[in-house]
Amino acid sequence: MRSEYLFTSESVSEGHPDKVADQISDAVVDLFLSKDPEARIACETLTTTQLVVLAGEIRCKGVYENGAWAAGAKEEIEAVVRATVKAIGYEQDGFHWESFRFENNLHGQSAHIAQGVDAGDNKDEGAGDQGIMFGYATDETPDLMPATLYYSHKILERMAADRHSGVAPFLEPDAKSQVTLRFVDGKPVEATAIVVSTQHKAGYDQGAQKAELDAYVRKAVAAILPAGFLTEATAWHINPTGSFEIGGPDGDAGLTGRKIIVDTYGGAAPHGGGAFSGKDPTKVDRSAAYITRYLAKNIVAAGLAKRCTIQLAYAIGVSEPLSLYVDTHGTGTVGDDQLEAAIGAIAKLGKLTPRGIRTHLGLNKPIYRQTAAYGHFGRTATGDAFPWERTERPPTHRARRGIFQNSTALPGLRSVSCHIRAAFRARRRHLPACRGRRRSARHRVAAWPGRSHRPWQTWES
């Protein structure tokens, strides 16, 4: 890895037209899952000037069965869509929650897709599509997310909170941010450039009102970035085009699934290409991306690596993944192949089948609308929400005593430790000098040349 470099990520606000579409799609997913936890949903949304269009395939008991809508179901869907847009804050001439035209083109799921996905007498539930999914974690931030994306999200979350509370009444819903950081020895040390483009009320593009908006943005950014990151050399670009009064779906059409890099890791990790929003958790585009983040985050949180990328691959109708790949980018304290073996042996993950993932993380619940803005990862796991973010980070000073010996983390995390421990015990059995007696700390270190500090060294019974 280079010792010094610049890296950039962007985020978009809840009022960005593509994010409006994502939130609508996931609000529909939540509605259906609240009626039927086994519902099948693939809901795409188009937003433009005074128009919202839904399209896609569904199956939901009590809502849409045998090719027919239940009484009142279509009206309830429209009410949820309008409530979603209202909550974002759109009450503009070009896009108003109460008056936009609405089209619902949802229809029944293909029987040919259903036969591959549904469980049967002789088969487990299959993946909803083929594809590759990635999870990632890094120790750059407390939430184990890439720093550039983490701060980009936090800036816009802060601005949205101030808009909703009235602290910044001149802001409108649509906004974008971009953060460029300088890294030294893999750690962020300085912000070299900040870009914030925010929709605003009339008049805030010139004179004293523009100065007020600029000062507000600088203060909001300074409240998010760590002390010392902003310097006199930091380049600022606040509404660089000048005016930004026309925004949201009135300024640009929005579509579900067009912000997949914002949704994930800001370009710091690979992406398989599949979007999340609008999909029920049988779709591995969503559920497998969540479980790989869960696994990668737990590996980094446990001190087994500073960075971790995990890939899974699936075929439509096939329950078990075709491949599992772990890459700790040379930062691991455990071999990548051993992590792969340990993950594959965790019984509670159900062999990483769609059903196993959904059961382990509890994904058949209406928890998705809140994921559709400000990233699916790096969020706080509370109640049923963001279960893939759950982990316990053991204090560093406990590492030598076995970082999981008193852990209250999820069973899956404890299982990772157990399987890695078993792998290393098996390897020690092939060290003749160590047979038949408990090994001292000095002997344990000597058995691993060049490795003087490893958490598993005290995982002995």
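Above: the structure in question.
Scope of this entry: the structure provided in the associated data block. On a predicted model such as this, the values are computed, not experimentally measured, just so you know.

Structural notes on the overall build of the protein
Part 1 of the argument: Along its length, the protein carries 12 helices and 15 strands.
Part 2 of the argument: Every one of the 461 residues in the protein was classed for burial, and the buried ones make up 54%.
Part 3 of the argument: Partitioning the intrachain contacts of the protein with sequence separation of at least 6 by distance along the chain shows that 70% fall at a separation of at least 24.
Part 4 of the argument: Accessible surface, the protein: about 19,400 Å² in total, of which carbon and sulfur atoms supply 51%.

Brief notes about the sheet that holds strand β14 (residues 307-314)
Part 1 of the argument: One open sheet holds the 3 strands; their spatial order is β9-β14-β15, and the pairing between them is antiparallel. Each of the sheet's edge strands pairs with one partner strand only, and the pair in question is β9 (131-138) and β15 (323-327). Shown here is a sheet whose adjacent strand axes are inclined to one another by a mean of 15°, direction ignored.
Part 2 of the argument: Bridging between β9 and β14 involves 8 bridges; their strand directions are antiparallel. In the strand pairing of β14, tyrosine 136 is matched with threonine 309.
Part 3 of the argument: On top of the sheet, helix α9 (residues 336-344) reaches β14 and β15; it is set at about 135° to β15, its chief contact.

Observations regarding helix α4 (residues 147-165)
Part 1 of the argument: The end-to-end C-alpha separation of α4 is 27 Å, in line with the 27 Å expected for 19 residues at 1.5 Å each.
Part 2 of the argument: Once α4 finishes, glycine 166 follows within two positions and takes phi at roughly 95°, a positive value.

Some details on the pattern of salt bridges
Part 1 of the argument: Tallied over the full model, the rule gives 24 salt bridges.
Part 2 of the argument: Residue aspartate 263 pairs with lysine 19 through a salt bridge whose shortest N-O separation is 2.5 Å. With a gap of 244 residues between them, aspartate 263 in helix α7 (residues 260-263) and lysine 19 in helix α1 (residues 17-35) connect regions that are remote in the sequence. Residues aspartate 263 and lysine 19 agree in their burial class; the two are buried.
Part 3 of the argument: Among the ionic pairs, lysine 351 bridges to glutamate 320, the shortest N-O distance being 3.9 Å. In this pair, lysine 351 sits in the loop between α9 and α10 (354-361) while glutamate 320 sits in the loop between β14 and β15, placing the two residues 31 residues apart along the sequence.
Part 4 of the argument: Residue lysine 351 is classed as exposed on the basis of its relative accessible area, which comes to 56%.
Part 5 of the argument: According to the relative accessible area criterion, glutamate 320 is partly exposed, its value standing at 36%.
Part 6 of the argument: One salt-bridge network, held together by shared partners, links Glu4, Arg182 and Glu190.

Here's the deal with the packing of aromatic side chains
Part 1 of the argument: Inspection of every chain in the model, using the stated rule, returns 15 aromatic pairs.
Part 2 of the argument: Between tyrosine 265 and phenylalanine 377, the ring centres sit 5.1 Å apart and the planes meet at 10°, which makes this aromatic pair stacked. Pair noted here: tyrosine 265 is in the loop between α7 and α8 (284-301) and phenylalanine 377 is in the loop between α10 and α11 (411-428), with a separation of 112 residues, a long-range link. You'll find tyrosine 265 and phenylalanine 377 in the same group, each marked buried.
Part 3 of the argument: Centroid distance phenylalanine 276 to tyrosine 290: 5.7 Å. Interplanar angle 65°. Geometry classified as edge-to-face. With phenylalanine 276 in the loop between α7 and α8 and tyrosine 290 in helix α8, the pair connects residues that are 14 residues apart, well separated along the chain. Per residue, the accessibility class of phenylalanine 276 equals that of tyrosine 290, and both read buried.
Part 4 of the argument: Members of the aromatic cluster, each reached through a chain of ring pairs, are Tyr136, Tyr265, Phe276, Tyr290, Phe377, Phe386 and Trp388.

Side note on the side chain of lysine 297
Part 1 of the argument: Within the secondary structure, lysine 297 is located in helix α8.
Part 2 of the argument: Leave out the neighbours within four places in its chain, and lysine 297 touches Ala137, Asp143, Leu144, Glu389 and Thr391.

A closer look at the environment of tryptophan 236
Part 1 of the argument: Turning to its location among the elements, tryptophan 236 is positioned in strand β12 (residues 235-238).
Part 2 of the argument: Separated by 41 residues in sequence, tryptophan 236 and valine 195 place their C-alpha atoms 6.1 Å apart.
Part 3 of the argument: Apart from residues lying up to four places away in sequence, tryptophan 236 is in contact with Ile194, Arg218, Val221 and Leu230.

Looking at unusual backbone geometry
Note: most peptide bonds trans; most residues except glycine with negative phi.
Part 1 of the argument: The backbone of glutamine 50 shows a phi angle near 50°, a positive value even though the residue is not glycine.
Part 2 of the argument: As for its placement among the helices and strands, glutamine 50 is situated in the loop between β2 (40-48) and β3 (51-59).
Part 3 of the argument: In this structure, lysine 351 is a non-glycine residue whose phi angle is positive, near 60°.

Description of the sheet that holds strand β10 (residues 171-184)
Consider a sheet: its strands pair through backbone hydrogen bonds, and that pairing is either parallel or antiparallel.
Part 1 of the argument: Taken together, 4 strands build an open sheet; the order of strands is β1-β10-β11-β12 and the sheet is mixed. Two strands in the sheet have a free side with no partner beyond their single neighbour: β1 (4-12) and β12. The average undirected angle you get between the axes of adjacent strands in this sheet is 15°.
Part 2 of the argument: Where β10 meets strand β11 (residues 187-200), 11 bridges bridge the pair, whose relative direction is antiparallel. Opposite valine 179, over in β11, you have isoleucine 194 as the bridge partner.

Some thoughts on the packing of α4 against helix α5 (residues 207-224)
When two helices pack together, their arrangement is given by the angle between their axes and by how far apart the axes lie.
Part 1 of the argument: At a minimum axis separation of 9 Å, α4 and α5 run at an interaxial angle of 125°. Viewed along their axes, α4 and α5 adopt a mutual orientation that is oblique. Of the two possible hands of crossing, α4 and α5 adopt the one that is right-handed. Residues Tyr151, Lys154, Ile155, Arg158, Met159 and Asp162 of α4 form the contact with α5, whose participating residues are Tyr216, Val217, Ala220, Val221, Ala223 and Ile224.
Part 2 of the argument: Residues belonging to the contact of α4 with α5 are distributed by class as follows: 9 nonpolar, no polar and 3 charged.

Quick notes on the rules
Residues numbered from 1 in each chain as written. Predicted model: local features only at pLDDT ≥ 70, side-chain atom pairs only at ≥ 80, totals over all residues. Heavy atoms only, no water. Helix = DSSP H or I, 4+ residues; strand = E, 2+ residues; numbered from the N terminus. Buried < 20%, exposed > 50% of the residue type's maximum accessible area, 1.4 Å probe, protein only. Contact = heavy atoms within 4.5 Å. Areas by Shrake-Rupley, 256 points an atom, 1.4 Å probe, with all protein chains shown as cover. Pairing = 2+ DSSP bridges. Axes fitted to C-alpha atoms, helices over the stretch in contact; angles between N-to-C directions. Expected span 1.5 Å × (residues − 1). Salt bridge = Lys/Arg side-chain N within 4 Å of Asp/Glu carboxyl O. Phe/Tyr/Trp six-rings, centres within 6.5 Å; stacked < 30°, edge-to-face > 60°. Parallel < 35°, antiparallel > 145°, perpendicular 65-115°, else oblique. Left-handed = near helix turned anticlockwise from the far one by under 90°. Nonpolar A, V, L, I, M, F, W, Y, C, P; charged D, E, K, R; others polar.

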